[in-house]
Every structure is written in C-alpha cells, then in structure tokens.
Amino acid sequence: MAQRPFKQVDVFTATPYRGNPVAVVLDGRDLSGEQMQEFTNWTNLSEATFLLPPTQAGADYRLRIFCPGRELPFAGHPTLGSCHAWLEAGGKPQGEHIVQECGVGLVTLKREGQRLAFAAPPLRKSGPLPEEDVALIARGLGIVRGDIVGHAWCDNGPNWRGVLLRSAEQVLALKPDGAILAGLDVGVIGPRGKVGVVGSRATGDECAFEVRAFFPGGNGMTEDPVTGSLNAALAQWLIGAGLAPERYIASQGTALGRAGRVHVQRDAAGETWIGGESATCIAGCVAL
C-alpha cells in the first residue's frame with residue numbers, strides 16, 4: 001500500500017461539521033475501481049472521490065466519484081469539495097475557470113469569493129414523472145397526492161425524481177418509508193413562501209427553499225445532508241418553469257441538524273450555477 005495525500009472536506013458550509021463531508025484522495029493513480037469502491041464503503045460517508053490526471057483536452061484534473069456500492073458519473077458536493085481540496089493542495093487551472101473531467105464529461109467550476117460554483121450539467125431526463133411514480137412517492141413520504149404540487153425528472157447522472165410541496169414546513173415534517181421508496185432517488189423541495197411567488201422573498205441571505213434528498217443506502221434508505229446534483233436539477237426545472245427566481249439560496253440538512261446553504265444562479269447566458277463554501281476538516285495521508 002502507498003501513503004496517499006487525503007482530505008476530508010465539509011461542503012456547502014463555512015462552518016466545519018454543518019454541511020456534507022466528502023473524502024478526497026488527492027492521488028488515485030494505480031488504484032483499481034474495486035479498490036476505490038472498497039475504500040469508499042469503509043469511509044461510511046455518502047461519497048469519496050479520487051483525483052487523477054486528465055484524459056480529455058482542456059480538463060485540469062479527472063475525478064472518479066463513488067458512493068457506497070456504486071460509482072457515480074456526477075455528484076455536486078463531491079465536485080465542489082474535491083475542487084476545494086485540489087486548489088488547497090496547489091492545483092492551478094489552465095484558464096480563468098477550473099475544468100473537471102468526470103463521468104458526465106467536462107464540468108466547469110468558477111470561484112466566487114470564498115465560494116466555488118459548478119455549471120450544472122444538462123439533464124439526461126426531464127419532464128413530468130409518470131403518475132404512478134408520483135402516487136408511490138406520496139405514499140412513501142406519508143402525504144396525500146394533492147400535497148405534491150409539481151414534479152419532474154431531475155436526472156443529471158443520479159436519477160433523481162423531484163417533487164415540489166406547498167411549503168418548507170411540509171418538507172421538514174416528512175417521515176419517509178424506506179420500504180415503499182426502495183430503489184428510488186427522491187428529492188423534495190418546498191418554498192418558504194407561497195408556491196409561485198417565492199421570487200419576491202429571495203433576497204439577501206434569506207433561504208427561499210428547503211430541500212431534502214432520499215436515496216437507497218445503508219441497507220435501506222438514506223437522507224443526504226446537502227446535495228449538489230439534486231439542487232442543480234431542481235434549479236433547472238423550477239427556474240425553467242417560472243417557479244423559482246433566477247437567483248436564490250436553498251437550505252438543506254435542517255432535519256439532520258446541519259445547516260447547508262446552496263447558492264443558485266442562472267446567468268444571462270442561461271447557464272445554471274450551483275455554489276457553496278467548503279471547509280477542510282481532516283488533512284493527512286491514507287494507506288491505499
């Protein structure tokens with residue numbers, strides 16, 4: 001085994017231990033996918049990442065992203081946390097922005113003061129969910145079908161199914177049934193105002209939405225503290241549908257005692273950016 005540089009980074013927070021941690025192995029060369037998966041499972045975190053030399057022109061580094069049991073083509077908080085670790089370790093981008101190579105292709109990141117933001121990858125699948133899926137999700141969330149006022153495929157690598165509830169309070173009160181939702185990646189969002197007029201409340205540092213994310217894991221269902229990929233897809237859906245302003249902050253992790261803050265912006269060119277601060281909590285080496 002080699003001693004490899006390692007960082008554990010808390011993402012979507014400036015305060016350590018209030019966001020979503022990711023394990024970052026800064027040199028994944030010569031490791032097999034099986035070794036990467038084994039290490040990821042051992043960390044007991046939602047994701048671990050491995051930095052590698054790029055293989056595509058224009059990329060600054062290549063990133064492989066794993067969650068327990070499988071490799072992911074893209075994930076948001078591992079992207080931001082890994083970029084934070086790469087820059088902190090002395091990484092220098094070739095151009096104005098950082099370019100990450102991963103399973104979905106090239107992902108652009110930019111620096112916004114203390115925050116990093118990634119350009120949301122295009123949705124692989126969009127449009128309304130099948131009605132049978134919506135009914136199943138409502139039952140699994142312990143709510144009536146009428147509580148879901150909007151729904152859409154939010155697949156940008158992870159196969160999220162997104163549902164919009166009437167309020168943030170409803171989102172925080174959910175007690176999902178993992179047996180009913182087995183095998184589904186479900187993202188739930190609710191405004192801190194009335195649906196359709198949330199834009200009037202999305203000013204300053206005020207959070208406009210509350211988000212929760214549920215997916216298979218831990219021999220059942222797991223709730224993710226803060227989820228970049230889901231927030232990216234939710235933003236593309238809701239802004240496109242006129243249900244969210246072009247700039248807002250989403251809160252996630254409240255139900256788990258975290259305080260994640262996801263900064264969303266659609267720019268003049270129509271690009272959706274998902275940003276947040278990061279804090280390194282552990283730095284050292286791992287034997288791999």
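Residues numbered from 1 in each chain as written. Predicted model: local features only at pLDDT ≥ 70, side-chain atom pairs only at ≥ 80, totals over all residues. Heavy atoms only, no water.

This part covers helix 1 (residues 33-43). Those residues of helix 1 that sit buried are M36, Q37, F39, T40 and T43. Buried residues of helix 1, viewed axially, fall in a sector of 165°; they line one side. Looking at helix 1, the residues exposed on the side facing more than 90 degrees away from the buried face are E34, E38 and W42. Along its buried surface, helix 1 packs onto strand 1 (3-11), strand 2 (20-25), strand 3 (48-52), strand 4 (61-67), strand 5 (70-72) and strand 17 (278-287). (Buried < 20%, exposed > 50% of the residue type's maximum accessible area, 1.4 Å probe, protein only. Helix = DSSP H or I, 4+ residues; strand = E, 2+ residues; numbered from the N terminus. Arc of directions from axis to C-beta. Contact = heavy atoms within 4.5 Å.)

Attention now goes to the confidence of the model for the chain. Residues of the chain with pLDDT of at least 70 account for 95%, and the chain-wide mean is 93. Within the model, the stretch residues 196-204 combines pLDDT values under 50 with 16 contacts to residues more than four positions away or in other chains. (pLDDT = per-residue confidence, 0-100.)

Tallied over the entire structure, the rule returns zero disulfides. Here C285 stays unpaired: no disulfide links it, and the sulfur of C281, its closest cysteine neighbor, is 17 Å away. (Disulfide = S-S within 2.5 Å.)

Right, let's get into the nonpolar core. Counting 51 residues, the largest nonpolar core has Y61, I98, F118, F209, Y248 and I274 as its most contacted members. When sequence neighbours within four positions are dropped, the list of residues in contact with I274 reads F12, L80, L116, A117, F118, G228, N231, A232, A235, V262, H263 and V264. Counting residues in hydrophobic clusters, the runner-up holds 17 residues, among them A138, L141, I143 and L184. (Core = buried A, V, L, I, M, F, W, Y, C linked by side-chain atoms within 4.5 Å.)

Below, the discussion takes up the pattern of salt bridges. One pass over the full model with this rule turns up 11 salt bridges. A salt bridge links R115 to E112; its shortest N-O distance comes to 3.8 Å. For R115, a relative accessible area of 23% gives the class partly exposed. Judged by relative accessible area, which is 23%, E112 ranks as partly exposed. (Salt bridge = Lys/Arg side-chain N within 4 Å of Asp/Glu carboxyl O.)

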